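In case you want the letters, here they are:
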Amino acid sequence: MIRLQTRSMEATQAVAARVAEWCRGGDVILLSGDLGAGKTAFVRGFGAALGVDEPVTSPTFALVQRYAGRTLWINHLDVYRLDRTSEVEDLGLSELIDPDAVTLIEWGEAVRSLVGPSYLGIVVELGADDDDRQLTLQPVGAWRARGDALAGALEPWTSPC
Ligand code: ADP
Ligand code: MG
């Protein structure tokens, strides 16, 4: 478990950019946390770091957006409005999660059982002040091999508590 604290949206995006450096094709990131916590902001920072030069918008209505980065695709999903696993299956998750793409899923906890044994879980929570956020990263499965390196790279934002 890696616990971080950010004090601005830009800081959350800097964290996302650092996480992006440790990603490779086929990776899945499940983002959870309250509405307005900063999940989409994270994806924006992540995409920018991988060379996405078009605006990353909230995919709540489109459900899936696919952006071209420099060397990888970035799939961005928001499954908030899906309340049945069958609807998620209809999205064709297994085809989306290909070796040329990193897939980030907002409200991803709901689809955890569909993404395979390895993913990076990220919970974004509101903090004490307006712009404070707590980010908790949990590398699961094969992601655990990158856990120590990731924790080291994210050291500047490590939460004191
Ligand atoms: P979500 O996708 O989780 O619903 P968004 O990323 O759309 O949330 O919105 C996050 C909002 O919180 C933005 O308006 C952003 O400016 C604001 N914000 C304030 N502080 C932070 C922070 N530390 N990290 C991320 N977002 C922040
Ligand atoms: Mg969002």
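That block above? That's the structure.
Not measured: the values here are computed from a predicted model.

Enquirer: Any details on the site of ligand 1? Residues and values, ideally.
Expert: Taken together, 16 residues sit near ligand 1, with Thr12, Gly36, Lys39, Ala41 and Asp131 positioned nearest. Among the secondary structure elements, those contributing two or more residues to the shell around ligand 1 are helix 1 (9–21) and helix 2 (39–49). A total of 3 residues in the shell around ligand 1 trace back to one element, the largest contributor, which is helix 2. Residue classes in the shell around ligand 1 are distributed as 4 nonpolar, 6 polar and 6 charged.

Enquirer: Give a description of helix 1 that names residues and reports values.
Expert: Relative to the 18 Å expected for 13 residues at 1.5 Å per residue, helix 1 spans 19 Å between its end C-alpha atoms, a close match to the ideal helical length. For helix 1, the set of buried residues is Ala11, Thr12, Gln13, Val15, Ala16, Val19 and Ala20. Close packing links the buried residues of helix 1 with strand 1 (2–6), strand 2 (28–32), helix 2, strand 6 (119–126), strand 7 (133–140) and helix 5 (147–153).

Enquirer: Residues and numbers for the pairing of strand 2, please.
Expert: For strand 2, a buried count of 5 out of 5 residues is recorded, marking the element as mostly surrounded by other parts of the structure. Here strand 2 shows two buried faces, one formed by Val28, Leu30 and Ser32 and the other by Ile29 and Leu31. Alignment of strand 2 against strand 5 (residues 101–106), held across 4 bridges, turns out to be parallel. Bridge pairing in strand 5 places leucine 31 opposite glutamate 106. Here 4 bridges tie strand 2 to strand 6, and the two strands are oriented parallel to one another. When the bridges of strand 6 are listed, leucine 30 appears paired with glycine 121.

Rules used throughout
Residues numbered from 1 in each chain as written. Chains lettered and ligands numbered in written order. Predicted model: local features only at pLDDT ≥ 70, side-chain atom pairs only at ≥ 80, totals over all residues. Heavy atoms only, no water. Near = heavy atom within 4 Å. Helix = DSSP H or I, 4+ residues; strand = E, 2+ residues; numbered from the N terminus. Nonpolar A, V, L, I, M, F, W, Y, C, P; charged D, E, K, R; others polar. Expected span 1.5 Å × (residues − 1). Buried < 20%, exposed > 50% of the residue type's maximum accessible area, 1.4 Å probe, protein only. Contact = heavy atoms within 4.5 Å. Pairing = 2+ DSSP bridges.

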